[in-house]
Amino acid sequence: MGSLSDIGLAAGINILSAIGFLLAFAILRIQPFNDRVYFPKWYLKGTRSSPRHSSNVVSKFVNLDCGTYLRFLNWMPAALKMPEPELIRHAGLDSAVYVRIYCLGLKLFVPIAMLGLSVLVPVNWTSETLEKTKALTFNDIDKLSISNVGKGSDRLWAHLTMAYAITFWTFYVLYREYKVVATMRLNFLALEERRPDQFTVMVRNVPPDPDESVSEHVQHFFSVNHRDYLSHQVVYNANKLANVVDKKKSLQNWLVYYENKHARNPEKRPTAKTGFWGLWGKRVDAIDYYKNEIEKLSIEEESERELIMNDQKAIMPVAFVSFKSRWGAAVCAQTQQSSNPTIWLTEWAPEPRDVYWPNLSIPFFELTIRRLIMAVALFFLTFFFMIPIAFVQSLANIEGIERVAPFLSPLIEKKVVKSFIQGFLPGIVLKIFLILLPTILMTMSKIEGHTSLSGLNRKSAAKYYLFLFVNVFLGSVITGTAFQQLDSFIHQSANAIPETIGESIPMKASFFITFIMVDGWAGIAAEILRLKPLIMFHIKNSFLVKTDQDREQAMDPGSLDFASSEPRIQLYFLLGLVYAAVTPILLPFILLFFGFSYLVFRHQIINVYNQQYESGAQFWPDVHRRIIIALIVSQILLMGLLSTKRAANSTPLILVLPVLTIWFHIFCKNRFEPAFVKFPLQDAVVKDTLERATEPNLDLRAYLKDAYIHPVFCCEAQSFASMEEDVEEKNPLVPTKRTSQRSSPSNSKHASELGTHS
């Protein structure tokens, strides 16, 4: 697999594809009718006006300024011009820290690549082991790898020394980056403007009480046990209502479409079929049909609202509890509330935009069962996906297949066809197989019951990383080796098979090079083109837009897809660390990915993406942990590889590296991770004191009143009776419906729930 000509053909195809995408982007982005597609962030901020307001009819649609076509690459320096503090204010800390991951890749791999290319490549190339071993299938790329170094050779000490250099350089870079990001997070939280989640905790598994409703029970418990308690908002199971509202909105869009269609041709009333997607069923007047359907849904919506407001069963044992100070919220969120650790479970509330409302209605006892089922499902999904991975590897190893099945040779004998199949097809086929996977994994995370969008993204990212590690990395190596050395496996003794595998693992570098070019070069260039949002915007603009407000809603700025993009970055970290001491020729391809991605995503964050939430870079510990895992995997694989090279003396030396890496991870976890999990009480007091001094008349109750109301009730927040009134501060007694709380025996089931009040 993967001769230099195959790699060259794949590189040519992907470079031309990337250049084509970039040229198309450079032309499309400067056209006035595409302005809202490529600069939606500035429209949402209200700092950009449409260039289509020009008096010239043609210039409303086409850019007539020839100078802008000559400066078509000016977006690149513009993407790098905004300093990081301004980027944080403009796009948020999550976005700024996300692009630092690409920068981290450059910091890590530039020195490693320079060292590997200047030292290891000559060491590998000047050996002639593969040329003397006729039983193995190899190519020019393999001659640059450790596979070309003979067994027991003193040259292997260069690879061992390289492993130590990589490990300690990775320690240095990761420590500095963790320290910088932790400091950025603490500064961001200290300087951040007031937000509802700074004063609010989410309480789950509120225990039932025979005398009080959920709302009364929450108020009673926190009034007794927390002096800074201010108010609370119970959570209603409004999932059915939300579905009705979404369906109604969809029908309203169709109504607008048919009304616009009728306005363009008043002489003919539009018609539609009532069946699935309008493909079959009775043909009716479209405008009248959708008006009637919307009216029916409006009645159903009102009925469902009344049911929720009057049915106590609609109230879930979950509440958002707000406090008078950040200090009070921090104490509550970071402490155990009851002697029974399974009730009154508190955690920091997600910011209002970050709440995933459908999962708040899931009973707490179901969560463990759901997560167990999804863990089993993930195992089987990962296992069965080995089948398409094996198919991809069969494409990538034509020479090996020809040895076993020579009757296929006439089909792939032509050099150009063979180079295309080996150099380009495996990467693009694997990319296609992975397209639907993030959506499947996100659905599984939602079933697990996570209550925030950021939490869903982090859990989905963990699943996706595991999947990429097992299938794309291990699966490609194992199945590819099996296909590539199938003839050797058949004719060798069982004792010789591990040696064959050990020598063949580095040979998969050529496959991963093609994958990097497809996914990391052409794929990133396609990201900046935004072809799907471009098409959807013009479809909506043509059929659904009546006003400027409609046009704003037609924009789809999107956001950073952390659940799929971060694991993909981690795959490149894994490949770089694994192959740095084995086949360093792969590193320039990875460096090009990190550099190009940094440029593209910085541009997208500045001009396009509008983040759904802000977590304050809470994902960074996951980023650090996965790089540590990649480093340990690289050390273990190198240890196994050296053992097949009969370098037994190196085993104790390389065994030290995983131990040091685990120690380093524990050190960083204890040193920095608390900054991403907890909010320091000292910082909370400072921020509260400053706020009281600068805003002595702040009405915090009014500020928090509607913050955590379900979106379907926001339009009628005043009538919904959402926030509970606080008891008067001067009243030492807490109102309760219980007849005599003091008469309850000491071992009453309510005693540990309510605490004591003297």
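Residues numbered from 1 in each chain as written. Predicted model: local features only at pLDDT ≥ 70, side-chain atom pairs only at ≥ 80, totals over all residues. Heavy atoms only, no water.

- In the annotation of an unreviewed UniProt entry, the protein chain is listed under the name ERD (Early-responsive to dehydration stress) family protein and assigned to Rhynchospora pubera.
- According to UniProt, the comment filed for the protein chain under the heading Sequence similarities (unreviewed entry) is "Belongs to the CSC1 (TC 1.A.17) family."
- Regarding the protein chain, the relevant UniProt record gives this comment under Subcellular location (unreviewed entry): "Membrane". (UniProt positions renumbered as here; feature names shortened; annotations may be inferred.)

### Some thoughts on the pairing of strand β1 (residues 200-204)
Part 1 of the reasoning: Counting buried residues in β1 gives five out of five residues, a clear majority hidden from the surface.
Part 2 of the reasoning: The side-chain alternation of β1 yields two buried faces, one formed by Thr200, Met202 and Arg204 and the other by Val201 and Val203.
Part 3 of the reasoning: With four bridges connecting them, β1 and strand β5 (residues 315-323) associate as antiparallel partners. Within β5, the position partnered with Met202 by the bridge is Phe320.
Part 4 of the reasoning: In this sheet, strand β6 (residues 345-348) lies alongside β1 in antiparallel orientation, the contact comprising four bridges. Residue pairing for β6: Val201 is matched across the bridge by Trp348. (Buried < 20%, exposed > 50% of the residue type's maximum accessible area, 1.4 Å probe, protein only. Helix = DSSP H or I, 4+ residues; strand = E, 2+ residues; numbered from the N terminus. Pairing = 2+ DSSP bridges.)

### Structural notes on the pairing of strand β2 (residues 229-236)
Part 1 of the reasoning: For β2, the buried fraction is high: eight of the eight residues fall into the buried class.
Part 2 of the reasoning: With six bridges joining them, β2 and β5 adopt antiparallel strand pairing. Note on β5: the bridge partner recorded for Val234 is Ala319.

### Observations regarding the packing of aromatic side chains
Part 1 of the reasoning: Enumeration according to the criterion identifies 43 aromatic pairs in this entry.
Part 2 of the reasoning: Geometrically, the ring pair formed by Phe171 and Phe664 is stacked, given 4.4 Å between the ring centres and 20° between the ring planes. Separated by 493 residues along the polypeptide, Phe171 in helix α10 (residues 156-191) and Phe664 in helix α30 (residues 651-672) bring together distant segments of the chain. In this structure, Phe171 and Phe664 share a single accessibility class: buried.
Part 3 of the reasoning: Between Trp348 and Phe679, the aromatic rings sit 6.3 Å apart at their centres with planes inclined by 85°, giving edge-to-face as the arrangement. Highlighted residues: Trp348 in strand β6 and Phe679 in the loop between α31 (674-677) and α32 (681-694), separated in sequence by 331 residues.
Part 4 of the reasoning: Phe679 gets classed as buried once you look at its relative accessible area, which sits at 13%.
Part 5 of the reasoning: Taken together, the ring pairs in this structure connect Tyr98, Tyr102, Phe109, Tyr572, Phe573, Phe593, Phe594 and Phe601 into an aromatic cluster. (Phe/Tyr/Trp six-rings, centres within 6.5 Å; stacked < 30°, edge-to-face > 60°.)

### Details of the side chain of Gln198
Part 1 of the reasoning: Here Gln198 is to be found in the loop between α10 and β1.
Part 2 of the reasoning: Not counting the four nearest positions on each side in its chain, Gln198 is found in contact with Glu192, Glu193, Arg326, Ala329, Trp348 and Lys687. (Contact = heavy atoms within 4.5 Å.)

### What about the packing of helix α7 (residues 93-125) against α10?
Part 1 of the reasoning: Closest axis-to-axis distance for the α7/α10 pair is 11 Å, and the angle between their directions is 165°. Compared by their axis directions, α7 and α10 come out roughly antiparallel. As α7 packs across α10, the resulting crossing turns out to be right-handed.
Part 2 of the reasoning: A class-by-class count of the residues in the contact of α7 with α10 yields 20 nonpolar, four polar and four charged. (Axes fitted to C-alpha atoms, helices over the stretch in contact; angles between N-to-C directions. Parallel < 35°, antiparallel > 145°, perpendicular 65-115°, else oblique. Left-handed = near helix turned anticlockwise from the far one by under 90°. Nonpolar A, V, L, I, M, F, W, Y, C, P; charged D, E, K, R; others polar.)

### Focus on the layout of surface pockets
Part 1 of the reasoning: Reported here for the largest pocket is a volume of approximately 1,800 Å³.
Part 2 of the reasoning: Around the largest pocket sit 45 residues that line it, and Glu527, Ser559, Leu560, Asp561 and Ser564 are the ones nearest its centre.
Part 3 of the reasoning: Top contributing element to the lining of the largest pocket by residue count: helix α24 (residues 509-529), with seven residues.
Part 4 of the reasoning: By residue class, the composition of the lining of the largest pocket is 26 nonpolar, nine polar and ten charged.
Part 5 of the reasoning: There is about 1,200 Å³ of room inside the second largest pocket.
Part 6 of the reasoning: Along the wall of the second largest pocket there are 44 residues; nearest its centre are Glu347, Trp348, Arg458, Gln618 and Val677.
Part 7 of the reasoning: Of all the elements in the fold, those that place two or more residues in the lining of the second largest pocket are α10, α14 (326-333), β6, α15 (366-384), α21 (453-484), α29 (620-644) and α31.
Part 8 of the reasoning: When residues in the lining of the second largest pocket are grouped by element, the largest group, five residues, is from α21.
Part 9 of the reasoning: Here the lining of the second largest pocket is composed, by residue class, of 13 nonpolar, twelve polar and 19 charged. (1 Å grid on protein atoms, 1.4 Å probe; cavity = no way out; pocket = protein on both sides within 12 Å on 5 of 7 lines; lining within 4 Å. Points joined across faces, edges and corners; volume = space filled by probe spheres on them.)

### Quick look at the nonpolar core
Part 1 of the reasoning: Tyr98, Phe109, Tyr579 and Trp620 are the most contacted members of the largest nonpolar core, which totals 131 residues.
Part 2 of the reasoning: A total of 14 residues in this core trace back to one element, the largest contributor, which is α10.
Part 3 of the reasoning: With near-sequence residues (within four places) excluded, Tyr98 lies in contact with Leu560, Phe562, Ser565, Glu566, Ile569, Phe601 and Phe619.
Part 4 of the reasoning: In terms of nonpolar packing, the next biggest core, distinct from the first, is built from 15 residues, Val201, Val206, Tyr229 and Trp344 among them. (Core = buried A, V, L, I, M, F, W, Y, C linked by side-chain atoms within 4.5 Å.)

### Quick look at the sheet that holds β5
Part 1 of the reasoning: Read across the sheet, four strands follow the order β2-β5-β1-β6 without closing on themselves; strand pairing throughout is antiparallel. Looking at the sheet topology across the chains shown, the edges are occupied by β2 and β6. In this sheet, adjacent strand axes meet at a mean angle of 25° when their direction is disregarded.
Part 2 of the reasoning: Here α14 sits on the sheet and contacts β1, β5 and β6; the angle it forms with β6, its principal contact strand, is near 130°.

### Quick word on the packing of α14 against α32
Each pair of packed helices gets described by two things: the angle between the helix axes and the distance between those axes.
Part 1 of the reasoning: Closest axis-to-axis distance for the α14/α32 pair is 8 Å, and the angle between their directions is 155°. One finds that α14 runs roughly antiparallel with respect to α32. Judged by residue contacts, Arg326, Trp327, Ala330 and Val331 of α14 engage Leu681, Ala684, Val685, Lys687, Asp688 and Glu691 from α32.

### Some thoughts on the pattern of salt bridges
Part 1 of the reasoning: With the rule as written, the count across this model stands at 20 salt bridges.
Part 2 of the reasoning: For Lys248, the salt bridge goes to Glu301, with nearest N and O atoms at 3.2 Å. With Lys248 in helix α12 (residues 239-264) and Glu301 in helix α13 (residues 286-310), this residue pair connects regions lying 53 residues apart in the sequence. No difference in accessibility class separates Lys248 from Glu301, as the two residues are buried.
Part 3 of the reasoning: Close ionic contact of Glu673 with Lys669 constitutes a salt bridge, the shortest N to O distance being 3.2 Å.
Part 4 of the reasoning: Its relative accessible area of 15% is what places Glu673 among the buried residues. (Salt bridge = Lys/Arg side-chain N within 4 Å of Asp/Glu carboxyl O.)

### Regarding a nonpolar patch on the surface
Part 1 of the reasoning: A contiguous nonpolar patch, built from Leu372, Val376, Phe379, Phe380, Phe383, Phe384 and Ile387 and spanning about 770 Å² of accessible area, is present on the exposed surface.
Part 2 of the reasoning: Here the nonpolar patch gets six residues from one element, more than from any other, and that element is α15.
Part 3 of the reasoning: Mapped onto the secondary structure, Phe383 falls in helix α15. (Patch = residues over 30% accessible without salt bridge, like charges linked within 9 Å, V, L, I, M, F, W, Y side chains within 5 Å. Areas by Shrake-Rupley, 256 points an atom, 1.4 Å probe, with all protein chains shown as cover.)

### Considering empty space enclosed by the protein
Part 1 of the reasoning: Using the criterion set out here, one finds six cavities of 30 Å³ or more in the structure.
Part 2 of the reasoning: By volume, the largest cavity amounts to about 110 Å³.
Part 3 of the reasoning: Every residue along the wall of the largest cavity is listed here: Asp94, Ser95, Tyr98, Ser454, Arg458, Leu560, Phe562, Gln611, Tyr613, Ser615 and Phe619.
Part 4 of the reasoning: Where the lining of the largest cavity is concerned, the elements lending two or more residues are α7 and α21.

### Things to note about α30
Part 1 of the reasoning: The end-to-end C-alpha distance of α30 is 32 Å, a good match for the 32 Å that 22 residues give at a rise of 1.5 Å each.
Part 2 of the reasoning: Along α30, the residues that are buried comprise Ile654, Leu657, Pro658, Thr661, Phe664, His665, Cys668 and Phe672. End-on, the buried residues of α30 take up no more than an arc of 120°, which puts them together on one face. Those residues of α30 that are exposed and aimed more than 90 degrees away from the buried face are Pro652, Val659, Trp663 and Asn670.
Part 3 of the reasoning: Tucked into the core, α30 has its buried residues touching α10, α29 and α31. (Expected span 1.5 Å × (residues − 1). Arc of directions from axis to C-beta.)

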